[in-house]
Amino acid sequence: MPFGFAGQSHVFTDTRELFMARTPLTFSALSSALATNNARWRAAETPISLMDPKKRLQMLGAIPSDEAIALLAAARNQPPSLAAAPGFAPAVDWRNKNGNHITPVKNQGGCGSCVSFGSVGLIEAMSHIETGRWFDLSEADSHFCSSHGADCGGWWPDQCLDQIKGRGVCDEAGFPYPSAFPNNDIWSGPPACHAAPNRPARISKLTAVHKLVDANAIKNHLSSVGPVAGCFTVYNDFFNYSGGIYHHVTGDVAGGHCVLVIGYSEAEQCWIVKNSWDTTWGIGGFGKISYDDFKYDGQLYPMYGATGIILPSSGWQPMGGKLTTEAVAGNNKDGRIEVFARGTDNALWHIWQTAPNNGWGGWASLGGIITSTPAVISNADGRLEAFARGADGALWHIWQTAPSSGWSGWASLGGGITSDPSAVRNVDGRVEVFARGNDGGLWHIWQGGPQRGWSGWASLGVQISGNPVASNNKDGRIEVFARANNGAVVHLWQTAPNNGWSSWASLGGILTSDLAVGQNKDGRLEVFGRGTDNALWHIWQTAPNNGWSGWASLGGIITSAPALGHNADGRMEIFARGTDGACWHIWQTAPSNGWSGWASLGGGIVGDTAIVNNKDGRMEVFVRGTDLALYHRWQTAPSNGWN
């Protein structure tokens, strides 16, 4: 009969088997056995191998379903002529098959949830293969909130994938795996199910489960479609695996385990797998297992593929993270979008496209301790640079050391600022940063030359409220806009490109939000803000580099500052949160022309939006959800509809 693990009782045949199953395997005995048997793999004392054996057993949770057992029996009884014909490449690894399609290794902790980790990892990989989009999905939602139940017992991939097909699986931000356990400790228990906020709008599903019953069928699928979930028997020596091609050498049966099979090598006669025991096991959490040793109870059990991934129905796609400021976005020199925000640790975090117009990597920290929303700008040579207020109230910055590349450490630009910074480039390429000072006035600091050092701070006077915003006129002159203490919009401008400044002037109005400023296709600046009636109001230059119209209402009822984007054809588009918490937008019907009515993009968002253009011209919008994770939507074609 098949084994039973993770809460299921194995039927021991005699007292000798019971004794053998409890016999520990020492590292010295394993090392000796590897040398004696000329093993093709390396062993190390890993955190897993050093655990208490009982704790290790809790991580093994593969128990064949009745359907899997029936499929195996049917495959054994079918004539060889009915087996799949070989049609596969000599080797495949989905980490390097027209780019990487495999999400990072995770850690299931002391729970027999390996089947959910293997199966959810499969959906993540297929999401990227089919749509080019990265997803971090919730193993906790799969394992503890489905028909499996809120416990650490085992099951089988067909059961898990059937649940994902029917009920879907939410994103990790909706139900983070550690949060299922007491005190967020994945080695504690018992686990519990927590319903993800607005779960129906954030689930991914699959359309078809592929049940692959022989080695040729598995390799055919891996070669042409994608990874598969598979299970096998673990022996005690497997916990020490640290590289090479694993094959059982010594040690007793420990239990059944499931992994994501991401490839194979005919030359090495092995499967390539992604495990869920953190990155300290194997080769950064990945490994190779010989064909002969990837068997459960001595048999090659069916493996499972998935296709037809259905994205969350709202159109908003989760990007994870937990953000404590608005997100800001910029373009690398190679066209890849990069998004920045403060995390819960007050450091600056970022996430970026792995290729232009394509999928996304994971979040990474740029360190620092920041107390404002960051500002991001491209230097004249294409290097991104980020600015934010530090814990000391000074302006700090960090920059790419080369275009589209790594980052420097943080450095202080001094000063004492009380607003978010706004950064803009002069015509000659010099970056200039504006912020409200401790005295309530507008201050600025600028590069001495493109990619060169910085001036000291200088005051531009006037008392302002909220965050200033700077933009360029058609002739390149910088113009800065802010709200005065009475709510009116005030502005000042360079009198010539790269030169001195005018005095302040008022544009009137009474605005209750920060401003958005952008340039029409014909070069005229236009300013947007929320009025006292909570509608969107705007004012515009009557000619490029020239005078201004009066204020006019664009209607709507908005509960955030507006954010401005530009379509590839030059039409402006404004985004803001509505009273229902959704993201709403309104757009010019022709470049430099009139406006549409308001329309909803749905979602439940917190704060302001960030908009940037992909390399191919499609706008992409980023928001924080009510769970403070980052979400995004994008145009399906330049100047067109939305996903």
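The rules behind these values
- Residues numbered from 1 in each chain as written.
- Predicted model: local features only at pLDDT ≥ 70, side-chain atom pairs only at ≥ 80, totals over all residues.
- Heavy atoms only, no water.
- Salt bridge = Lys/Arg side-chain N within 4 Å of Asp/Glu carboxyl O.
- Buried < 20%, exposed > 50% of the residue type's maximum accessible area, 1.4 Å probe, protein only.
- Phe/Tyr/Trp six-rings, centres within 6.5 Å; stacked < 30°, edge-to-face > 60°.
- Helix = DSSP H or I, 4+ residues; strand = E, 2+ residues; numbered from the N terminus.
- Pairing = 2+ DSSP bridges.
- Axes fitted to C-alpha atoms, helices over the stretch in contact; angles between N-to-C directions.
- Contact = heavy atoms within 4.5 Å.
- Domains from an automatic or database assignment.
- Buried area = accessible area lost by both parts, 1.4 Å probe.
- Polar contact = N/O pair within 3.5 Å; in protein donor to acceptor, adjacent residues only side chain to side chain.
- Nonpolar A, V, L, I, M, F, W, Y, C, P; charged D, E, K, R; others polar.
- Disulfide = S-S within 2.5 Å.

**A word on the pattern of salt bridges**
Working step 1: As enumerated under the stated definition, the model contains 20 salt bridges in all.
Working step 2: Close ionic contact of R336 with D334 constitutes a salt bridge, the shortest N to O distance being 2.8 Å.
Working step 3: For R336, a relative accessible area of 10% translates into the label buried.
Working step 4: In this structure D334 comes out as partly exposed when scored by relative accessible area, which is 28%.
Working step 5: For R430, the salt bridge is made with D428, and the minimal N-O distance between the two is 2.8 Å.
Working step 6: Using a relative accessible area of 11% as the deciding quantity, one classes R430 as buried.
Working step 7: Taking relative accessible area as the criterion, D428 reaches 34% and is therefore assigned partly exposed.
Working step 8: A cluster of three or more residues bridged by salt bridges with shared partners is formed by K106, E124, D136 and E139.

**Here's the deal with the packing of aromatic side chains**
Working step 1: In the structure shown here, the tally under the stated rule is 28 aromatic pairs.
Working step 2: With a centroid separation of 5.9 Å and 85° between ring planes, the pair formed by F88 and Y264 is classed as edge-to-face. Of this pair, F88 sits in the loop between helix 4 (66-77) and strand 2 (91-93) while Y264 is found in strand 6 (residues 253-265), placing the two residues 176 residues apart along the sequence.
Working step 3: The class of F88 is partly exposed, set by a relative accessible area of 21%.
Working step 4: Overall, the relative accessible area of 0% leaves Y264 in the buried class.
Working step 5: Between the aromatic rings of F232 and F238, the centroid separation amounts to 5.4 Å while the plane-to-plane angle is 80°, which identifies the pairing as edge-to-face.
Working step 6: Classification of F238 by relative accessible area gives buried; the value is 1%.

**Re the sheet that holds strand 34 (residues 605-613)**
Working step 1: One open sheet holds the four strands; their spatial order is 10-36-35-34, and the pairing between them is antiparallel. Only two strands of the sheet have a single neighbouring strand rather than two, namely strand 10 (317-320) and strand 34. The sheet shows a mean angle of 30° between the axes of neighbouring strands, taken without regard to direction.
Working step 2: Bridge count for strand 34 against strand 35 (residues 619-625) is six bridges, and the pairing is antiparallel. Bridge assignment links V612 to a residue of strand 35, and that residue is E620.

**Details of the environment of L122**
Working step 1: With respect to the secondary-structure elements, L122 resides in helix 5 (residues 114-131).
Working step 2: Spatially, the C-alpha atoms of L122 and G305 are 7.5 Å apart, while their sequence positions differ by 183 residues.
Working step 3: When neighbours within four sequence positions are excluded, L122 is seen to be in contact with L161, P227, V228, A229, L260, Y304, G305 and A306.

**Things to note about helix 8 (residues 215-224)**
Working step 1: Most of helix 8 is tucked away, with seven of its 10 residues classed as buried.
Working step 2: What helix 8 keeps buried is the set A217, I218, K219, N220, H221, L222 and S223.

**Examining the domain arrangement of the protein**
Note on interface size: it is often stated as the accessible area lost on association of the parts.
Working step 1: Once the domains are mapped, the protein shows domain 1 (27-76 + 93-310) and domain 2 (327-414).
Working step 2: For domain 1 and domain 2, the distance between their C-alpha centroids amounts to 34 Å.
Working step 3: Counting residues at the interface gives four residues for domain 1, matched by five residues for domain 2.
Working step 4: Carbon and sulfur atoms make up 42% of the surface buried where domain 1 meets domain 2, a total of about 340 Å² over both sides.
Working step 5: Area buried by domain 1 at its contact with domain 2 is led by G132, R133 and W134, which between them contribute 88% of it.
Working step 6: Inspection of the region where domain 1 meets domain 2 yields zero salt bridges.
Working step 7: On inspection of domain 1 and its partner domain 2, the count reaches zero residue pairs in polar contact (both at pLDDT 80 or more).
Working step 8: Split by residue class, the side of domain 1 that touches domain 2 holds one nonpolar, two polar and one charged.

**Here we look at the state of the cysteines**
Working step 1: Taken as a whole and assessed by the stated rule, the structure comprises two disulfides.
Working step 2: The disulfide bridge from C111 ends at C152, spanning 2.0 Å between sulfur atoms. Disulfide C111 to C152: torsion about the S-S bond roughly -110°, handedness left-handed. With a gap of 41 residues between them, C111 in the loop between strand 2 and helix 5 and C152 in the loop between helix 6 (139-144) and helix 7 (157-167) connect regions that are remote in the sequence.
Working step 3: On the accessibility criterion, C152 (21% relative accessible area) is partly exposed.
Working step 4: The partner cysteine of C145 in its disulfide is C193, sulfur to sulfur 2.0 Å. A torsion of 110° about the S-S bond marks the disulfide between C145 and C193 as right-handed. Linking C145 in the loop between helix 6 and helix 7 with C193 in the loop between helix 7 and strand 3 (208-212), this pair joins segments that are 48 residues apart in sequence.
Working step 5: On the basis of relative accessible area, C193 is assigned to the partly exposed category, the value being 38%.
Working step 6: The thiol of C160 is not disulfide-bonded; the next cysteine sulfur, from C258, is found 8.2 Å away.

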